[in-house]
Each structure stands twice: as C-alpha cells, then as structure tokens.
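Structural description and commentary
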2 protein chains.
Amino acid sequence: MINIAVLGYGTVGSGVVEVIETNKGMVDKKATHKLNVKYILDLRDFPGDPYESKVVHDFNVILNDDSVNIVCETMGGVGAAYQFTKQALEKGKSVCTSNKELVAKHGPELLEIAREHDCNYLFEASVGGGIPIIRPLNYSLTAERIDAITGILNGTTNYILSKMEREGADFADVLKEAQEKGYAERNPEADVEGHDACRKIAILSSLMLGKNVNSEKIFTEGITKITAADFVYAKEAGYTVKLLARAKRLNDDETLAMVAPFLIPKDHPLAMVNDVFNAVFVTGNMLGDSMYYGRGAGKLPTASAVVSDVVDCARHQGKVITCFWDKEDAKLADIGEIEKTYFVRAKISVRQKVEEAFPGGKALTVGRSEDFGYFTGAMKEKEFMAKYEALGEDVLSRIRLI
Amino acid sequence: MINIAVLGYGTVGSGVVEVIETNKGMVDKKATHKLNVKYILDLRDFPGDPYESKVVHDFNVILNDDSVNIVCETMGGVGAAYQFTKQALEKGKSVCTSNKELVAKHGPELLEIAREHDCNYLFEASVGGGIPIIRPLNYSLTAERIDAITGILNGTTNYILSKMEREGADFADVLKEAQEKGYAERNPEADVEGHDACRKIAILSSLMLGKNVNSEKIFTEGITKITAADFVYAKEAGYTVKLLARAKRLNDDETLAMVAPFLIPKDHPLAMVNDVFNAVFVTGNMLGDSMYYGRGAGKLPTASAVVSDVVDCARHQGKVITCFWDKEDAKLADIGEIEKTYFVRAKISVRQKVEEAFPGGKALTVGRSEDFGYFTGAMKEKEFMAKYEALGEDVLSRIRLI
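Rules of the game
- Residues numbered from 1 in each chain as written.
- Chains lettered and ligands numbered in written order.
- Predicted model: local features only at pLDDT ≥ 70, side-chain atom pairs only at ≥ 80, totals over all residues.
- Heavy atoms only, no water.
- Helix = DSSP H or I, 4+ residues; strand = E, 2+ residues; numbered from the N terminus.
- Rg over C-alpha atoms; globule rule 2.2 N^0.38 Å.
- Contact = heavy atoms within 4.5 Å.
- Areas by Shrake-Rupley, 256 points an atom, 1.4 Å probe, with all protein chains shown as cover.
- Buried area = accessible area lost by both parts, 1.4 Å probe.
- Salt bridge = Lys/Arg side-chain N within 4 Å of Asp/Glu carboxyl O.
- Polar contact = N/O pair within 3.5 Å; in protein donor to acceptor, adjacent residues only side chain to side chain.
- Nonpolar A, V, L, I, M, F, W, Y, C, P; charged D, E, K, R; others polar.
- Least-squares fit on C-alpha atoms with pLDDT ≥ 70 in both.
- Buried < 20%, exposed > 50% of the residue type's maximum accessible area, 1.4 Å probe, protein only.
- Pairing = 2+ DSSP bridges.
- Axes fitted to C-alpha atoms, helices over the stretch in contact; angles between N-to-C directions.
- Parallel < 35°, antiparallel > 145°, perpendicular 65-115°, else oblique.
- Arc of directions from axis to C-beta.
- Left-handed = near helix turned anticlockwise from the far one by under 90°.

Looking now at the overall build of chain A. Looking only at helices and strands, chain A has 14 helices and 19 strands in total. Taken over C-alpha atoms, the radius of gyration comes to 23 Å for chain A, in line with the 21 Å a tight globule of 402 residues would show. For chain A, the spread of C-alpha atoms along the principal axes amounts to about 75 × 50 × 35 Å. A separation threshold of at least 6 residues defines the contact pool for chain A, and within that pool the share at least 24 residues apart is 72%. For chain A, the exposed area adds up to about 15300 Å²; of that, 46% sits on carbon and sulfur atoms.

Turning to the interface of chain A and chain B, a few remarks are in order. The interface of chain A with chain B comprises 46 residues on the first partner and 46 residues on the second. It is Thr142, Met286 and Phe324 of chain A in chain A that bury the most area against chain B; as a group they hold 15% of the surface buried on that side. For the interface between chain A and chain B, the tally reads zero salt bridges. One can count eleven residue pairs in polar contact (both at pLDDT 80 or more) joining chain A with chain B. Of the residues belonging to the side of chain A that touches chain B, the class tally is 23 nonpolar, 14 polar and nine charged.

On to the relation of the copies chain A and chain B. The second copy of the chain is related to the first by a rotation about an axis and a shift along the axis. Once chain A is rotated about the relating axis by 180° and shifted along it by 0.0 Å, it coincides with chain B to within an RMSD of 0.0 Å. The two molecules are tied by a two-fold rotation axis, judged by turn and shift. Rotation axis and chain A: the residue whose C-alpha lies nearest the axis is Tyr292 of chain A, separated from it by 2.5 Å. In this assembly the copies share their binding face: 100% of the residues contributing to the interface of chain A also contribute to that of chain B.

Okay, unusual backbone geometry next. Residues and elements named next belong to chain A. The backbone phi angle of Asp118 is positive, close to 50°, even though this residue is not glycine. Position of Asp118 among the secondary structure elements: in the loop between helix 5 (100-116) and strand 6 (121-122). We classify Asp118 as partly exposed; its relative accessible area is 46%. A positive phi angle, near 55°, is found at Asp275, a position not held by glycine. Within the secondary structure, Asp275 is located in the loop between strand 10 (254-265) and strand 11 (277-284).

Residues and elements named next belong to chain A. Looking at where Ser205 falls in the secondary structure, it is placed in helix 10 (residues 195-209). Judged by relative accessible area, which is 0%, Ser205 ranks as buried. When near neighbours in sequence (up to four residues on either side) are disregarded, Ser205 contacts Val213 and Ala247.

Attention now goes to the pairing of strand 17 (residues 371-375) of chain B. As a general feature of sheets, a regular strand has side chains that alternate between the two faces. Residue and element names in this part refer to chain B. Across the five residues that make up strand 17, a large majority, five, are buried. Here strand 17 shows a buried face lined by Asp371, Gly373 and Phe375 and a second buried face lined by Phe372 and Tyr374. The antiparallel hairpin formed by strand 16 (residues 362-364) and strand 17 contains six residues in its connecting segment, where Gly367 sits at a positive phi of about 85°.

Another aspect to go through is the pattern of salt bridges. All names here are of chain B. Under the counting rule described, the total for this entry stands at 65 salt bridges over all chains. Residue Arg145 is joined to Asp147 by a salt bridge in which the shortest nitrogen-to-oxygen separation is 2.7 Å. We classify Asp147 as buried; its relative accessible area is 17%. Salt-bridge contacts for Arg398 lead to Glu221; the nearest nitrogen and oxygen are separated by 3.2 Å.

All names here are of chain A. Read from one edge of the open sheet, six strands run 3-2-1-4-5-6, paired in parallel fashion. The open sheet has two edge strands, strand 3 (55-56) and strand 6, and neither has a second partner. Both strand 4 (residues 68-73) and strand 5 (residues 94-97) contribute to a ladder of four bridges, which runs parallel. By the bridge assignment, Ile70 is partnered in strand 5 with Ser94. Packed onto the sheet, helix 4 (residues 80-90) meets strand 1 (2-7), strand 2 (35-41), strand 4, strand 5 and strand 6 and runs at close to 150° relative to strand 5.

Residue and element names in this part refer to chain A. For the pair helix 2 (residues 24-31) and helix 12 (residues 299-315), the least separation of the axes is 8 Å and the interaxial angle reads 40°. Between helix 2 and helix 12, the angle is such that the two are oblique. Facing Val27, Lys30 and Ala31 of helix 2, the residues of helix 12 in contact are Val307, Val311, Ala314 and Arg315. Here the residues of the contact of helix 2 with helix 12 sort into five nonpolar, no polar and two charged.

To continue, consider helix 14 (residues 381-390) of chain A. Residue and element names in this part refer to chain A. Those residues of helix 14 lying buried are Glu381, Phe384, Met385 and Tyr388. In an axial view of helix 14, the angular spread of the buried residues amounts to 95°, which keeps them on one side of the axis. Elements in contact with the buried residues of helix 14: strand 8 (219-220), strand 14 (339-340), strand 15 (342-347), strand 18 (379-380) and strand 19 (395-401). Once helix 14 finishes, Gly392 follows within two positions and takes phi at roughly 75°, a positive value.

Here we take up the environment of Lys217 of chain B. Residues and elements named next belong to chain B. Among the secondary structure elements, Lys217 is positioned in the loop between helix 10 (195-209) and strand 8 (219-220). Judged by its relative accessible area of 58%, Lys217 is exposed. With residues up to four places along the chain from it excluded, the contact list for Lys217 reads Asp329 and Leu332.

Residues and elements named next belong to chain A. Viewed as axis vectors pointing N to C, helix 1 (residues 11-22) and helix 12 meet at an angle of 65°, and their least axial separation amounts to 8 Å. Classified by the angle their axes make, helix 1 and helix 12 are roughly perpendicular. The handedness of the crossing between helix 1 and helix 12 is right-handed. Touching Thr11, Val12, Ser14, Gly15, Val16, Glu18, Val19 and Ile20 of helix 1 are Lys299, Leu300, Thr302, Ala303, Ser304, Val306 and Val307, all from helix 12. Among the residues forming the contact of helix 1 with helix 12, the class breakdown is eight nonpolar, five polar and two charged.

Treat this as a map of the structure, not an account of what it does.
Dropping the structure here:
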C-alpha cells in the first residue's frame, strides 16, 4: 500500500481525492500498488465530509509519518508550499504538484533535492491542466531536438478571445461575463496580462532546453488591448487572434521566449483550439509538428494529471525518474532583434503616414469608415515599435503575426 | 554503453540509424547511456553505406551476442519478424518495433514473454507514426477510465479525403495521383479498405481495455465508395468526411470497435486534421476530451518513435515497464445493434421513397438536379442497412454520422 497526503483541500486537492476514489480499482492496478489517502492538510475543518477524519492542520504530522510515501501539493503559492515540498523531498517522500508558480520559480532546485533523496518531484498538472505534456516531453519526444513550443496555455484568455471572435464583443464586456460565470477571477490580472501563460512556457521551455528559463525574463504582453475591431480585420484576412506562449531555439546558444497575442491563420491547428481548451504545439527536428490538446484547467482534469504523477511515483518507488532541467540559466534572445510581420489598425486619416512608415506592406479594408488595417513587411521588433510609437494616437492597435 | 541491432535496413530501419546519429549527444543523454548501433540485419549488402560494416545476414549473430541489449524490429510482417522478436525477448533483449501487424496479432503474447525475461516489448511507432500515443495511454492517462478513442490513423486515406474535399476530385483520380507521388502504395488495399487503421485501433483499444481486441473481429469499411458528390453535400451541411477508427466502451462488458468513413462537423478538432497528418482523440471519465496530433507516417517521424522506445528501454534495463494488455479477448458489440444517424444520397427520382423509408429525417439540397441528400433520424445499423439495401440502385451512397 502507498500512503498519500494531500496538501490543500481546495478545488484541485479535493479533485485528487475524488479521482483516486472514483477510479479506485483502475488506478490501483495502474499504480501496481493500492493507493490510500492517509492525510489531508488544510487550515479548515470539513465537518460532514467523507474524508473529515483524514484532515490534519499540522504539516509535521505528515512529515514525521514514515508511512507516507507521496505528497500531493495542491496549495499553490511559493511560501508554505515551497517549504513543505522541500521538507517532504528531504525526507524521501515524492511530491506531485499542480503549482506552476512554484515549479517555474524553484523547479531545478526541487528536482535536485528529489534526486539526492531517491524520490521524485513531478508536475504534470502545472501546465495544460489534464493534457499530458510534461511526460510526453520527458518520456516520449526523447529522440527529438525540440526546436519550438507554441502553446495556448491559459483557458481564461482563450475563452475571452473565442467569445470576442464569435460574438464580435469587446474585451471588457466578455471579461465581465467570464467573471460572473466563474471562468475568470475577480482579479484577472495573472490571466489577462499573460503572467500565468508566462510561468507555464517557462516550465516547458526549461524542459525543451534542459536549462533554466527564468519566467521573469520572458517578454510578456496580455490581451487587454485586443478589440472587437481587430477581430473584424483578422477574420477578413483569414486569421484569428490567440494568446500564444512561445519558445523557439534560434541557435545553439539563444532561445526566443515570449507571451503575446498573435494573429494565426485559421487553418493552423492552434486556431481551432477554442474556449477553455488549451493546446501545446511542439516542433521537433525529426518528427516535425505535433500537438497536444485538451482541458487546460478545471478540478477533475487537473486532479487527473496530479494522480497520473502519483501513479508514476508509485511505479518508481525509490527510483529517480529522469528529468533534465539544470539550474544553469538559458540565454534568452533580445526580442527587439527578432524579425516579424505586424498587423496595424489605424484611423483612416493617417493611412498615408502608416504606409510611409512601413513601406512594402499591404493594406486591408473591411468597409469600415473609421479605421483601416495594414500588414507590414518583415522587420525587427525594435524598429517596428519605434515607428509605431512615433505615429502617436492615430494608430489604434498592433498585433504580431506568427 | 547500450548495443542496438536494427532488423531490416529499409525506410524505418535506416531512419532509426539516422535519428540516433543526428541527435547523438542528446539521445545518449536522455537514454542515460551511450547508444551504439552494433548490427544491422538485412538480406542485402549496402556497399558504400557508412554503416556497411555493421550489416549482417544471419539473425543468430545478433541473438548470440550477449552484448546486444536492444533490438529494433523494423522489418514488418508476421513471419520472420515474429520469430526473431520472440527469440530476442527470450534472450532478455528488449524489442522496439514499428510493426503494427505483428503487435496487433501477437502483442499480448510478446508482452508476456518480455515480462518473463525482465525485458520490454515497446511499440510506440506502431500507431500514429511519430505521435506519442502509446506512452500517453500507458504512462500519462493512468488516472482515467478511458471511455472512447477515435483516431484518424491512416495517412494515405486522410490525404486522399483531404484532396477530394479541397479539389472536388473523385476517389479514383486522387488515388492515382497519390500513387504517383508515393503517398499510396501500388496495391493500396490495406490503406483504402481500412485494414491498416483497423490494426491500429485494435492496438489502441486493447490498451484502453487492458484486454485483447482481435483486429479480425473489428467491423471495417474503407473509403472507396466516397465520391466528390458526397463532399458537396457534406460541405453544405457543415461536415467533412474522415476515415475514423473508433473504440467506445458501451458498458463494463461490451465495447464498440469499428473503422469506417464518417461525417464529422467542421468544428470538431478531428476535422482540421488534413493530408498525411494523423490524430487520436481520447475521451476519459475525468479529463474529458484530449487529442494527440502529428505525422502518422514517414521515415524520420516513425524512426523517432522507435528511438524513443530505445531510450525508454535503456532507462529501464532489466526492469519491466508496466503495460496492461491481457490475452483475454474483449467482447465486441454487434455493430448492427448500435444506433446512429446516417446521411443518404439518392437519385432525385426516389426522394419520396427515401423519405418514406426513413421517416423523421431531414432532406438536404445543394442545387444539383441529379441527386439529393437526406439525414435519417437515429436508428439501429441493421435496420438502416435493411432499408437502405431494399431501396436498390437508386440510392447512391450512405455515410454514418459521428
């Protein structure tokens, strides 16, 4: 029997208990051990809950119980969660987590502690919710040099953009509705400003490179400036707008990492990823493109990923599962030096100025009298931005093309 | 160092050698061992080939060399490949294969022999080419009861259907062109009649159930009767036509397994899988839908999957990797008893007869004078087929709806 402690009895933590209970026989068989939830750590009590008797308030009860083999950290944050994870690993207890913030910030350190204590730190649920992506990168695409990863990694923003596209609605209105439905937080900044996607691409790109990608150094731009009008032009030109988290090897030394809204062609596989779904598009040097698609959030999908980590730990008791993510920082490219093409929307009155600023591009009209669209040629980001900003308030928006 | 023998120096076999060579440092690191191709078994000689000196003609050289740890079986067929695989496993040499025919036919037996000899029989490349799907099913979706798997598993037929849709061309013309381009075999039966997809869904559904799904018992229908006219109606109704390989749990005892062309809505994730790409759509009871997409064939993608198996074997030398696929046969449902809706295309002259045969359906016209389309209500397959056949030659085609 393998004893499990769940840290945090919130959405994901209670989901972990539910998944283990619902699929009991099957999960035990896959784990090649009977799994037993022995403790649930939470500050609160849960009178009447079927697992009421398992609830403890002191982490030391778990830490000092040698019969606990695996800890599921579903608390979130980088304070207590960090301390508890470290302590558990130092005692040789494997830790399975959904905490992307902690993984992005302390992943390589915690992996090292796990290795030193013959246990494992697994984090399938930290990216893409229930979509298997960490394990495919670590176990499946092992014959590949992965050259690029492009993900739709945040369900809230993808829901908002999908709805804006479908209904021609504006950002603020859709955000408000998403908040009312519980699809967006009351403080939506981490989602809509791209920080959540940034942490996730930091994790994926670290695994891609085997080095550490510092999430604080990743260029990150959110979706708050995308408008209904932008979608009108995007549609006319055969595109949609998605918040993409990208990592791309430029050469042996340098990697581009960024989070921003992009225009992508409607026939790109990522364009059909709508609403709260997530997807990760991976390009390898032998395999070419592959994509992993599914529910990027939600209680049971996320919990399912945590439990798949528990199964993996149970199968590998006392053995270290291979994961390459060194502490050495990866060198990230200066985004200003990267060439791209850009879509610009501007007041009709400055059409000539826009065409002069970005010669060789292509105008796009959709029968609107107030503005027009323009696709620039390929140019470095810093040159584009300088010219864009010099045009002042008459240019209304800009979106990068993939 | 891990010594490898490659059986068959054809497309996939030479790809295996190329992947190991091209990504050498990286693959060795992931394998946690240096990989060395020691032998290549082929009946032919390869004068001038950089691996010429590794070529042997007698399998016993490989079998009796105790320093060979892993055998890559890329010969195909169920004759010599079966004997060699069995003998290698009995000697404790792990075998990695791309041979779907052999895996579908003898998978559980070979897995058992591997288990008994503390080695592994891995077959990631047997389904979906380079798309990681076997390992996600075995290692990632371990917290799920998988309820359904729907795949586009054959690149040749998907290429043909994509081209028919895009160009309004007829099956025979596109097949001829695909043969000229090398996308279809000169004898295309295994692809266009669905046999290849059938073997692959037999493998996937066996892993889904943990029991053996006999490919010979899977209802299989190919794409040879799909016409350009069918695509005209499909498009008008918001559908496309795909050859789908499906397995679905009906209850604890019975599973539906079939291969056939289906009408699927254009906004279904599988609808955007075009040309030679493959995808596997998996539905779990916790995670819901997830999808795995990529190149389902080709030298390097398939070889990449074989090498990922080699890496897995290298990491698990002397240890058996968990895989549930018992010899016990799974019970497959009688397809005649399954309810579905159907699209029928018939001569305009028999419109009344069709509407009477399938009351409660819905007609679809696209401005063609020679035929019309009709969607039936939900009905059992055997009832539909009886009525369809009774209508005689004036009904031109029928396609199931997903």
